[in-house]
Amino acid sequence: MALAPGVRFAARALLRPWALLRGTTLGSTEPAAGGGGDGARRFGSQRVLVEPEAASGVAVMKFRNPPVNALSLELLTELVISLEKLENDKTFRGVILTSGACPAGGCMIALSCDCRVLADNPKYHIGLNETLLGITAPFWLKDTYVNTIGHRASEQALQLGSLFPPAEALQVGLVDQVVPEDQVQSTALSEMARWLAVPDHTRQLTKNMMRKATADRLLRQRDADTQNFVSFICRDSIQKSLQVYLEKLQQKKG
Amino acid sequence: MALAPGVRFAARALLRPWALLRGTTLGSTEPAAGGGGDGARRFGSQRVLVEPEAASGVAVMKFRNPPVNALSLELLTELVISLEKLENDKTFRGVILTSGACPAGGCMIALSCDCRVLADNPKYHIGLNETLLGITAPFWLKDTYVNTIGHRASEQALQLGSLFPPAEALQVGLVDQVVPEDQVQSTALSEMARWLAVPDHTRQLTKNMMRKATADRLLRQRDADTQNFVSFICRDSIQKSLQVYLEKLQQKKG
Amino acid sequence: MALAPGVRFAARALLRPWALLRGTTLGSTEPAAGGGGDGARRFGSQRVLVEPEAASGVAVMKFRNPPVNALSLELLTELVISLEKLENDKTFRGVILTSGACPAGGCMIALSCDCRVLADNPKYHIGLNETLLGITAPFWLKDTYVNTIGHRASEQALQLGSLFPPAEALQVGLVDQVVPEDQVQSTALSEMARWLAVPDHTRQLTKNMMRKATADRLLRQRDADTQNFVSFICRDSIQKSLQVYLEKLQQKKG
């Protein structure tokens, strides 16, 4: 996942559905003072940069974990902390996450968002390519894929480890808009405005209703799933195929 | 919901799945005598008018509860009584419901039908716009929406309170046909003929198999859902946002 | 179902999900010696012919139960035996099933495959037309239909007993490719190569994850479903409508 323009927003993450219930309403929201250059409000950590958008109540979050924005424990920890800060700051009603090409982990984060905007550039792909690395997508990621693109498309894409270029991603429903590269962020902001035009409370209750079954199933089986994954990933054969993949990434870097 | 040409039919309503099991068969059906002008067979109440279609075994039902065909207790009671009359009269094998623009309640009734035909006129919209009124669609209506247009489209449309104009309604799968305004009823009758060409018994068993899980879930949680809704709708904040909406409707009327 | 070019492959059948877990891997697979004319490897029974494809690890299976490839007990028994032979022979990693027009039973087998290729000829139809014969599709076949083409399309197609010509089958998602009649088998082989490019183990685990709930539900209720079906099919009225249908088939044969 490179630092490049795949933008998605409102990352009320699947893992943290309670975030959906924050009692912010449209009228009571204090506009963010200043724009992207507002040093006072801008914050971030080593790997996650958060910039407020002027007067819109929206924060833009960027990953910077070169070379491929790997979702390391450090990056994920900083992501969670940044999201919590935003959730506790009533100034913000929405979040735009900016990423690059989105195989596997990047796609997972995109799927947890309300909307996905992709740059119309063949170098950006999105999808869950786990099988190609010799591993399988976990059930809760499969559930989210099925919710987004349907059962049949998921069955095929998950087995084949398909990464979709922009036009195909749009057609299968994995992204909602494909726009020229220099319009990705402005499109995301326009789209965000549509969502923020709806009263927060009822929109969030509705989102919770749509995603609760999937999130509950994940939470209920999280420990067992973690143990299964750890034992699976530690097998020699799996470690070997992952090593081959990592060496390929190293070559790209070098 | 104004009296205007959005036509749907075979209202074997979601709420009354047993109606699907009526043992009428094609051969044993007595044709309705006379046409729409057959005063002897035409019946109706203050708010629901029922007209038999000549020789086709089909009844056309029209709402007349101006200005917007609000689904008041009175109208719904008359609707249920009219449906029961038709179910007990073996002359009739299908029902065409005629309505106008279909936000919320009108869309709900349309979703319980087997097929939806919409006039190709931008003034007719269909969808579930509850969030815009400050309320949320109940789970059983959400389930029906998901059954019809899929999970992802429902998630987006329910959160945004989307009302679809004809072309978009067709594209998302919310209606099955969009035709010129003066062909809506004839299209519905042709479409009905396709459905009535299939033996009633197996068609109804199949419909029941498709909708039973959704209907059972509603029936199982109906009391709790009613209580939740009543307590929700009685909140001051919700009453206030509904009042704003009703005042808008009044202005349109005046 | 005539002997004609509807080709599907990798029939790791819904009924036998454990077949998905066979530990074959790409590297350890011994190529099949010879081509379709390899008499030593070619096997088959009276109604099911199995031909290995040269060096590809793929077997092509053909039904020959004239006039319509009815899924008789004998044919199904031979099919299961042939699949078991292939599963126990590590030479083979995939199966291509060749059939003709695919109403009901033929469609059922196609749905259990990973991918479906249909000849672009209006004489080939595919679908579940049970209601037209006066019977209903069983719940597990309905589940598989819904997994493939979605809830709404299934509801409509199952009630109407729709048989889709090639273009419509492609559009609704019932087949994955429609190609000229003389390219069906080569297309199936190319497509198969895409699937076999993915490591068997993770692809099969993924397939199992996608289909397990449906298969489990079938296995759990199989005895009750069999009893229900037998008592239903033995009714005089159902026997009569089936007899009418069989007489039509006889006329086509004669």
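Residues numbered from 1 in each chain as written. Chains lettered and ligands numbered in written order. Predicted model: local features only at pLDDT ≥ 70, side-chain atom pairs only at ≥ 80, totals over all residues. Heavy atoms only, no water.

Considerations on the nonpolar core
In this structure, A:Cys107, A:Leu111, A:Ile126, A:Leu128, A:Tyr145, A:Ala169 and A:Leu174 are the most contacted members of the largest nonpolar core, which totals 27 residues. Looking at this core, the elements that each hand over two or more residues are helix H2 (105-111), strand E7 (115-119), helix H3 (139-149) and helix H4 (151-160) of chain A together with helix H7 (200-233) of chain C. Top element by residues in this core is H3(A). It accounts for five residues. Excluding residues within four positions of it along the chain, A:Ala169 makes contact with A:Leu118, A:Ile126, A:Phe164, A:Leu174 and A:Val175. (Core = buried A, V, L, I, M, F, W, Y, C linked by side-chain atoms within 4.5 Å. Buried < 20%, exposed > 50% of the residue type's maximum accessible area, 1.4 Å probe, protein only. Helix = DSSP H or I, 4+ residues; strand = E, 2+ residues; numbered from the N terminus. Contact = heavy atoms within 4.5 Å.)

Some points on the packing of helix H6 (residues 184-196) of chain B against helix H4 (residues 151-160) of chain C
The description of two packed helices rests on the angle between their axes and on the distance between the axes. Between H6(B) and H4(C), whose axes approach to 9 Å, the crossing angle comes to 65°. For the pair formed by H6(B) and H4(C), the contact residues are B:Glu191, B:Arg194 and B:Trp195 on the first element and C:Gln156, C:Gln159 and C:Leu160 on the second. Taken together, the residues of the contact of H6(B) with H4(C) break down into two nonpolar, two polar and two charged. (Axes fitted to C-alpha atoms, helices over the stretch in contact; angles between N-to-C directions. Nonpolar A, V, L, I, M, F, W, Y, C, P; charged D, E, K, R; others polar.)

Digging into the sheet that holds strand E6 (residues 102-103) of chain B
With respect to topology, three strands assemble into an open sheet ordered E6-E8-E9 (chain B), the strand pairing being mixed. Of all the strands in the sheet, the pair left with one neighbour each is E6 and strand E9 (163-164) of chain B. (Pairing = 2+ DSSP bridges.)

So, the pattern of salt bridges
Pairs can form between side chains of opposite charge once their charged atoms are near each other. All names here are of chain A. Evaluated as defined, the whole model comprises 36 salt bridges over all chains. Salt-bridge contacts for Lys62 lead to Glu51; the nearest nitrogen and oxygen are separated by 3.7 Å. Within this pair, whereas Lys62 is found in strand E4 (residues 58-63), its partner Glu51 is found in strand E3 (residues 48-53), the two being separated by 11 residues in sequence. We classify Lys62 as partly exposed; its relative accessible area is 28%. By relative accessible area, which is 16% here, Glu51 ends up buried. Note that Lys212 and Asp216 form a salt bridge whose closest N and O atoms lie 2.6 Å from each other. Within this pair, Lys212 and its partner Asp216 are both found in helix H7 (residues 200-233), separated by four residues, close to a single helical turn. A residue is classified by how much of its surface remains accessible, and Lys212, at 41% relative accessible area, is partly exposed. (Salt bridge = Lys/Arg side-chain N within 4 Å of Asp/Glu carboxyl O.)

Focus: the interface of chain B and chain C
Counting from both sides, the interface comprises 20 residues of chain B and, opposite them, 20 residues of chain C. With both sides pooled, the region where chain B packs onto chain C buries about 1,700 Å², and carbon together with sulfur makes up 62% of that total. Among the residues of chain B in contact with chain C, B:Trp195, B:Met209 and B:Met210 are the three that bury the most area, contributing 34% of the side total. Linking chain B with chain C are two salt bridges, by the criterion used here. (Buried area = accessible area lost by both parts, 1.4 Å probe.)

Let's talk about the relation of the copies chain B and chain C
The operation relating chain B to chain C is a screw motion whose rotation component is 120°, with 0.0 Å of axial translation and a residual RMSD of 0.0 Å. Put plainly, the chains are arranged around a three-fold axis. Among all residues of chain B, the minimum C-alpha distance to the rotation axis is found for B:Gly150, at 4.4 Å. (Least-squares fit on C-alpha atoms with pLDDT ≥ 70 in both.)

A look at the packing of helix H3 (residues 139-149) of chain B against helix H7 (residues 200-233) of chain B
Residues and elements named next belong to chain B. Running from N to C, H3 and H7 cross one another at 160°; their axes reach a closest spacing of 9 Å. Between H3 and H7, the angle falls in the class roughly antiparallel. Each of Phe139, Trp140, Lys142, Asp143, Thr144 and Asn147 in H3 lies in contact with H7, whose residues at this interface are Thr214, Arg217, Leu218, Gln221 and Asp225. When grouped by side-chain class, the residues that make up the contact of H3 with H7 number three nonpolar, four polar and four charged. (Parallel < 35°, antiparallel > 145°, perpendicular 65-115°, else oblique.)

Here we look at the environment of C:Gln171
Structurally, the position occupied by C:Gln171 is in helix H5 (residues 166-172). C-alpha of C:Gln171 to C-alpha of C:Val68: the two residues are 103 residues apart in sequence and 26 Å apart in space.

Comments concerning the interface of chain A and chain B
Between chain A and chain B, the residue contacts involve 20 residues of the former and 20 residues of the latter. Of the roughly 1,700 Å² buried between chain A and chain B on both sides combined, carbon and sulfur atoms contribute 62%. One can count two salt bridges joining chain A with chain B. Of the charged contacts, one joins A:Asp176 and B:Arg152 as a salt bridge, the two residues approaching to 2.9 Å between their closest N and O atoms. Across the chain A-chain B interface, the total number found is seven residue pairs in polar contact (both at pLDDT 80 or more). The set of elements that each furnish at least two residues to the side of chain A that touches chain B consists of E7, H3, helix H6 (184-196) and H7 of chain A. When residues in the side of chain A that touches chain B are grouped by element, the largest group, nine residues, is from H7(A). (Polar contact = N/O pair within 3.5 Å; in protein donor to acceptor, adjacent residues only side chain to side chain.)

Some thoughts on unusual backbone geometry
Its identity as a non-glycine residue notwithstanding, A:Ala104 has a phi of 50°, on the positive side. With respect to the secondary-structure elements, A:Ala104 resides in the loop between strand E6 (102-103) and H2.

Some points on the confidence of the model for chain A
Detail in the predicted coordinates should be disregarded across regions flagged by low pLDDT. Residues and elements named next belong to chain A. Per-residue confidence for chain A gives a mean pLDDT of 81; residues scoring 70 or more make up 82%. For chain A, per-element mean pLDDT is lowest for strand E1 (residues 6-9), which scores 36, and highest for H4, which scores 98. Considering only residues more than four positions removed or in separate chains, one finds that residues 1-40, a stretch of pLDDT under 50, has 138 contacts. (pLDDT = per-residue confidence, 0-100.)

Side note on the side chain of B:Ser82
All names here are of chain B. Mapped onto the fold, Ser82 is located in helix H1 (residues 73-87). Overall, Ser82 belongs to the buried group, its relative accessible area being 4%. Contacts of Ser82, omitting those with residues within four sequence positions, involve Phe43, Val48, Val50 and Met61.

Quick word on the sheet that holds strand E9 (residues 163-164) of chain C
Residues and elements named next belong to chain C. A sheet is described by the order of its strands in space; here three strands give the open sequence E6-E8-E9, paired in mixed fashion. The open sheet has two edge strands, strand E6 (102-103) and E9, and neither has a second partner. Strand direction decides the pairing type here: E6 and strand E8 (residues 126-127), joined by two bridges, are parallel. Across the sheet, the residue bridging to Cys102 is Ile126, located in E8.

Thoughts on the pairing of E7(A)
Residue and element names in this part refer to chain A. A large share of E7 lies buried, amounting to five of its five residues. Burial along E7 is two-sided: the face carrying Cys115, Val117 and Ala119 and the face carrying Arg116 and Leu118 are both buried. Examined bridge by bridge, E7 and strand E10 (residues 177-179) share three bridges and lie parallel to one another. Opposite Ala119, over in E10, you have Val179 as the bridge partner.

Things to note about H6(B)
Between its first and last C-alpha atoms H6(B) spans 18 Å; for 13 residues at 1.5 Å apiece the expected length is 18 Å, and the two agree. Here H6(B) has its buried residues at B:Val184, B:Thr187, B:Ala188, B:Glu191, B:Met192, B:Trp195 and B:Leu196. (Expected span 1.5 Å × (residues − 1).)

A few points about the environment of C:Cys113
All names here are of chain C. Residue position: Cys113 is located in the loop between helix H2 (105-111) and strand E7 (115-119). Judged by its relative accessible area of 0%, Cys113 is buried. Separated by 47 residues in sequence, Cys113 and Leu160 have C-alpha atoms that sit 24 Å apart.

Concerning the environment of A:Gly105
Residue and element names in this part refer to chain A. Along the chain, the position of Gly105 falls in helix H2. Residue classification places Gly105 among the buried positions, given a relative accessible area of 18%. Distance from Gly105 to Asp223, taken between C-alpha atoms, is 20 Å for residues 118 residues apart in sequence.

Some remarks on the pairing of strand E3 (residues 48-53) of chain C
Residues and elements named next belong to chain C. A large share of E3 lies buried, amounting to five of its six residues. Inspection of the sheet shows strand E2 (residues 43-44) paired to E3 by two bridges, in the antiparallel sense. If you follow Phe43 over to E3, its bridge partner there is Val50. Here E3 pairs with strand E4 (residues 58-63) via six bridges, running antiparallel. Looking at the pairing, Leu49 lines up with Lys62 of E4.

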